[in-house]
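# Overview (structure and organization)
Single-letter residue listing:
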Amino acid sequence: MKYRFTLLKSFSVLLLMMMLTGIAQLANAQTKINVKGVVKDATGNVLPGATVNIQGTTQSTTTDVNGAFKIEVAEGSTLKISFVSMVAKTIVVTKNTTTLNIVLEDSNKQLNEVVVVGYGTQKRSDVTGAVVSVPKARLSQLPVTNVLQALEGAVAGVNITTTSSVPGAQPSSIVRGQNSINAGTGPYIVVDGIPLSKSGGSLNDINPNDIASMEVLKDASAVAIYGTNGSNGVILITTKRGNGGKPVIRYNAYAGVENIAHLLEPRDPAAYIQKYADYMSQTGQKQTSPVPNYTELPNYNAGKTIDWVKEVTQTGVIQDHNLSISGGSPDTKYYVSGDYLKQKGVVKGYQYNRVSIRSNLDINVTNFLTVGMSSYFANNNYDGGRANLLNATAMSPYGNEYNADGTYTIYPMAPEQLYVNPLLGLTTDQINRSVNLNGNGYAEVKFGGVLKGLKYRLNAGYTYLPTRVDSYSGRLANTPLGSASAASSETNTYTIENLLYYNRDFGKHHLDFTGLYSAQRRRYFTSTAAATGFVNDELSFNNLGAGATQTSSSYSDRYALNSQMGRVNYSYAGKYLVTVTARRDGSSVFGANTTKYGVFPSAALGWNIDQESFLKNSTIVNSLKLRGSYGKTGNEAISVYQTITTDGTVRSPFNGVSTIGVQASNLGNANLHWETTTGANVGVDFALLGSRINGSVDAYSTRTSGLLLRRSLPLITGYSNVWDNIGKVANKGLEVNLNTRNIDGKNFRWESNIVYALNRNKIVSLYGDGKDDLGNRWFIGKPISVIYDYKMTGVWQTGEDASKQDPGAKPGDLKFADTNGDGKITADDRVIQGQTTPKWTGGITNTFHYKQFNLSIFIQTAQGMLRNNADLNYADESGRRNTPTEIGYWTPTNNNNSFQSLSYTNTRGYGYPRDASYTRIKDVTFSYVVGQNILDKLHLNGLTFYASGRNLHTFTKWIGWDPENSYSTRGSGDWTNNYPVTRTFVFGANISLK
């Protein structure tokens, strides 16, 4: 009986197993349905990156750049579609579910989006510091070689200036005003958690197509976590990573042309001849020829002219091709991309090529261990000899470009030798290249049980950056003996970070702790060999040993930084927020007589007012947060070894023999330590009327003490200056960021983004004696960079008596104000006329959507700044050059009251300060997103076509190439890289393959 029961039980179990197997097979045999669709928000905007998951499984996919997705689903399964800051939606798949149009509603919690902060992420509602995210639209469809170019005017409180448009040149950037006088003031840049700053690399090495997000940390609470690197703000860049699911292949490309945005044209032949005649008349000289130089006369008599600007310029061409693939399984995710950029400049010889490759990988090894890596390779090429635009504008239209044998004439206006042929640089050999090889890895361990919420992460990064700069200038370039040089350098940098995280909720209490111990090291080495005196130019720089005279040099330095940091974020019921941070840094750049370590603490409070009962159900206020912070940061932005007294070598004859000796080089200061910036910030974040209006307002005040300042010394000491910690500067300002949905119709939408930033900068003290530094133009109570000069009131006219006020002045000379009222013009009449940085900046972006068409117009402005304009001072060259048409001159008949006569000599060194304020149509982009029906026929997941233009027009009173640039004048000291702002037009396409 017992045997029968056991047999029956065994048979029942077997039968049950067979039934379960059959059911499983039946389930597996369920109809598979290919579901495709598009995910949009309530206003019709597509949502790229939305997650489409089959509930109860790990199978998922993400939407592409057009919000489209495709996934194979068993009938009866449930799809969950989710997106950050949106209410997730679920849909049960039936046999009729083949095409979906998903609309996700805004969760009305705009502050719930996740943003990157130092060493982690936070919900925006939990952020207590001043953190601003760069609009993602600025990271695509713009023809920029450096991502900072896309930020110009688009982020409140971040002042980006394009001081040079040379291909491959980097813009300058300042966050919330200038905190230092002599030390570096650029923001600290971190890519995927590993510092890019101080590694030798630059943002040219980061392909904009690879960037997923950019955040700018501005106040003390946000940046104190970076300690001695935080006082000038921090820019955090996060690159794209893979998502689980089917591989997604994307190809983005654009190509276009560039031209000079504003041409400062030289005088035409007739005006050039008239200018020379007027010059000879005004200087009382007898004119014996219609042209200044005898070699110009044959061309003048023959009516032969040359347009030198046309000869040295060309239509620029730019193209970029980017191919990426991303995907993976739930446990392994990857992103790989390659990019090729080629730019031919508008001035002949200028070019920039970049090849870059990036690979990001994330692997869930176990349920508690995740490892990953980010690596990239970037090769920058700036090769080639270059034409000289400044010399081209100076040339006579009757000059000679070529010799009889077809080579370039050295002196087109012989016997005039001040200006050489602007095309000579094209005959030189130039190699200028750099490579950035970067590898970062991480391992992350999550603990469970009683240690639930605890996580340890190890970050390690290594950068190898070699450079090569070789050049040869030979006989065709006016170097009769030939001159060659070959320079190479390499920078090795590594970073190791140990991070401990603890994140737990205890009822209504939330605690988030971050701890850090890190070390950074950098080693730099460079060597240069040079030679002159070559028999011919055949070997270029490839055999320096063939030169008669040879020299060599080398240099090496090391840098180290050790850091510890702790940060605690606490919130109660999501309403009341507290952040406390302290970082301790030890830097090798500081002196032996002082501690190399400093502690930089900060604290911040936040109040999510919208979570209070009196606002929680408001239909007007969707989110409202008040925050305030106070803290201290540091700045070590000086080079290494400034605390050490060093000597330099010099070669001098001794008893007829060339001997190496030493001479004073750098006077060290063993007491040197970092600058300290203390700052306070008050801000409010808000979203109103169904989030149709949202933004933030911040007011801040900072004071920097112990400035790293070069103190001038009497030359009798053997040194001209020494670094010291003296002086104080202060900054205060207001920042506004506003986003609005002005029209929100079914087919037509209009959105605006407005940014405004005001900054007031001043020197509080200098040397402790209450006195200004007149030589450096530093004045207590005034901005760091000011214009201190004579105040021009006009031009002395015929019949006016200048003998009392300005003895020696004659008609046509500049007239200056007697500001001190002593009846004469002296150096004491110089006054502060303004600042060289803008008093306020702003930008407005209007984006219009009509069905699948999109138009974005961005206008940028910078107001309240003066700059010296040495373009107005060309008459000082005694009539030896051509001058721009826009720059007039005084004659006895025209009585010009704005420009001096041609005979005027600027003996006072007047800088010609002029208003450099401007408003610019910065970029316009028109795009078309191809519809899903057409995509299906083309077997594509997404396709967008666009046309974009940059620097389309500038409204300004400035006379010159552009008010931003610093290249166009002799006063800049750069006669070589005179390169104007360019206007760019490109056509591009973003393609996503199935």
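Residues numbered from 1 in each chain as written. Predicted model: local features only at pLDDT ≥ 70, side-chain atom pairs only at ≥ 80, totals over all residues. Heavy atoms only, no water.

## Some points on the overall build of the protein chain
Of the regular secondary structure elements, the protein chain holds eight helices and 48 strands. Since a compact globule built from 994 residues should have a radius of gyration of about 30 Å, the 33 Å found for the protein chain is in line with a globular shape. Along the three orthogonal principal directions, the C-alpha set of the protein chain runs to about 140 × 65 × 65 Å. Out of the 994 residues in the protein chain, the part that is buried amounts to 49%. (Helix = DSSP H or I, 4+ residues; strand = E, 2+ residues; numbered from the N terminus. Rg over C-alpha atoms; globule rule 2.2 N^0.38 Å. Buried < 20%, exposed > 50% of the residue type's maximum accessible area, 1.4 Å probe, protein only.)

## Structural notes on the pairing of strand β30 (residues 646–654)
Direction of pairing for β30 relative to strand β31 (residues 657–666): antiparallel, over a ladder of nine bridges. Along β31, the bridge assignment pairs G648 with Q663. Linking β30 to β31, which pair antiparallel, is a turn of two residues; within it N655 sits at a positive phi near 55°. (Pairing = 2+ DSSP bridges.)

## With respect to the pattern of salt bridges
In the structure shown here, the tally under the stated rule is 29 salt bridges. A salt bridge links R354 to D339; its shortest N-O distance comes to 4.0 Å. Placement of the pair is R354 in strand β20 (residues 351–364) and D339 in strand β19 (residues 332–344), with a sequence separation of 15 residues. For E416, the salt bridge is made with R880, and the minimal N-O distance between the two is 3.0 Å. (Salt bridge = Lys/Arg side-chain N within 4 Å of Asp/Glu carboxyl O.)

## Remarks on a nonpolar patch on the surface
Taken together, the side chains of Y572, Y576, W607, F614, L626 and V682 make up a nonpolar region of the molecular surface, amounting to roughly 570 Å² of accessible area. Structurally, the position occupied by Y576 is in strand β27 (residues 576–587). Note on Y576: relative accessible area 37%, which makes it partly exposed. (Patch = residues over 30% accessible without salt bridge, like charges linked within 9 Å, V, L, I, M, F, W, Y side chains within 5 Å. Areas by Shrake-Rupley, 256 points an atom, 1.4 Å probe, with all protein chains shown as cover.)

## Section: the sheet that holds strand β3 (residues 60–62)
Adjacent strands of a sheet form backbone hydrogen bonds with each other and so pair up, either parallel or antiparallel. Taken together, the four strands give an open sheet; going across it, the order is β3-β2-β5-β6, and neighbouring strands pair in antiparallel fashion. The open sheet has two edge strands, β3 and β6 (89–92), and neither has a second partner. Within the sheet, the average angular offset between the axes of one strand and its neighbour, ignoring direction, is 20°. (Axes fitted to C-alpha atoms, helices over the stretch in contact; angles between N-to-C directions.)

## Considering the sheet that holds strand β10 (residues 131–133)
The sheet built from five strands is open, its strands ordered β10-β15-β16-β13-β14 with mixed pairing. Two strands in the sheet have a free side with no partner beyond their single neighbour: β10 and β14 (194–195). The pairing of strand β13 (residues 188–191) with strand β16 (residues 234–239) spans four bridges and is parallel. Bridge assignment links Y188 to a residue of β16, and that residue is V234.

## What about the packing of aromatic side chains?
Geometry of an aromatic ring pair is reported as the spacing of the ring centres plus the angle between the planes. The final tally for this structure, using the stated rule, is 19 aromatic pairs. For the pair F779 and Y788, a centre-to-centre distance of 4.8 Å together with 45° between the ring planes defines the contact as tilted. Of the two residues examined, F779 and Y788, each falls in the buried class. One aromatic cluster in this structure is built from Y790, F816, Y910 and Y912. Above the face of the Y442 ring, R457 is positioned so that its terminal group lies 4.0 Å from the ring centre. Between R908 and the ring centre of Y790, over which it is positioned, the NZ or CZ distance is 5.7 Å. (Phe/Tyr/Trp six-rings, centres within 6.5 Å; stacked < 30°, edge-to-face > 60°. Lys NZ or Arg CZ within 6 Å of the ring centre and 35° of its normal.)

## Considering the environment of D339
Taking relative accessible area as the criterion, D339 reaches 3% and is therefore assigned buried. If we ignore the near neighbours within four places in the chain, the residues touching D339 are N207, N209, D320, H321, N322, R354, V355 and S356. Within polar-contact distance, the side chain of D339 engages the side chain of N209 at 3.4 Å. (Contact = heavy atoms within 4.5 Å. Polar contact = N/O pair within 3.5 Å; in protein donor to acceptor, adjacent residues only side chain to side chain.)

## Concerning the side chain of T677
Locating T677 in the fold gives a position in strand β32 (residues 675–688). The buried category is assigned to T677, whose relative accessible area is 6%. A distance of 2.7 Å separates the side chain of T677 from the side chain of T704, its partner in a polar contact. If near-sequence neighbours (up to four positions away) are discounted, T677 is found in contact with N179, S231, G631, K632, T633, T702, R703 and T704.

## A short note on unusual backbone geometry
Here the amide bond leading from A414 into P415 is cis, since omega sits at 10°, within 30 degrees of zero. Within the secondary structure, P415 is located in the loop between α7 (389–394) and β22 (429–446). Unlike most non-glycine residues, R777 shows phi in positive territory, near 60°. You can see R777 is positioned in the loop between β37 (748–765) and β38 (786–789). Within the chain, H939 stands out as a residue other than glycine whose phi angle is a positive 60°.

## Quick notes on the environment of Q550
With respect to the element layout, Q550 can be found in strand β26 (residues 549–572). Distance in space between the C-alpha atoms of Q550 and G168 is 32 Å, their sequence separation being 382 residues. Each residue touching Q550, except ones within four places of it in the same chain, is listed here: A530, A531, L544 and G545. From its side chain, Q550 meets the backbone oxygen of L544 in a polar contact 3.4 Å long. A distance of 3.1 Å separates the side chain of Q550 from the backbone oxygen of G545, its partner in a polar contact.

## Some details on the pairing of strand β4 (residues 68–74)
The element β4 is extensively covered by neighbouring structure, given that five of its seven residues are classed as buried. Across seven bridges, the pairing between strand β1 (residues 32–41) and β4 is antiparallel. Note on β4: the bridge partner recorded for I33 is V73.

## A word on the environment of I763
Structurally, the position occupied by I763 is in strand β37. As a C-alpha pair, I763 and N731 span 32 residues in sequence and 9.0 Å in three-dimensional space. If sequence neighbours within four positions are ignored, I763 has contacts with I181, K728, V729, W778, F779, I780, G781, K782, P783 and I784.

## Comments concerning helix α4 (residues 269–282)
Note that an α-helix has 3.6 residues per turn; residues three or four places apart therefore point the same way. When the terminal C-alpha atoms of α4 are compared, their 20 Å separation across 14 residues agrees well with the 20 Å that a helix rising 1.5 Å per residue should span. Residues of α4 that are buried include every one of Y272, I273, K275, Y276, D278, Y279, M280 and Q282, and no others. Considering only its buried residues, α4 is in contact with α5 (297–302). Following α4 by one or two positions, G284 has its phi on the positive side, about 75°. (Expected span 1.5 Å × (residues − 1).)

## Some remarks on a positive patch on the surface
Together, R703, K728, K732, R760, K762 and K839 give the surface a local cluster of positive charge. Within the residue set of the positive patch, elements represented by two or more residues are β36 (728–744) and β37. Mapping K732 onto the fold places it in strand β36. (Lys, Arg positive; Asp, Glu negative; His and termini not counted. Charge placed at Lys NZ, Arg CZ, Asp CG, Glu CD.)

## Some points on the confidence of the model for the protein chain
Detailed conclusions should not be drawn from predicted coordinates in areas where pLDDT is low. Of all residues in the protein chain, 94% have pLDDT values of 70 or greater, and the mean over the chain is 88. Low confidence marks residues 1–29, where pLDDT is under 50. Its contacts with residues over four positions away, or in another chain, come to zero contacts. Here residues 968–974 is a poorly scored stretch, pLDDT under 50, and it has 17 contacts once near neighbours within four places are set aside; other chains count. (pLDDT = per-residue confidence, 0-100.)

## What to know about the side chain of N737
Here N737 shows up in strand β36. If near-sequence neighbours (up to four positions away) are discounted, N737 is found in contact with N694, G695, S696, N753, I754 and V755.

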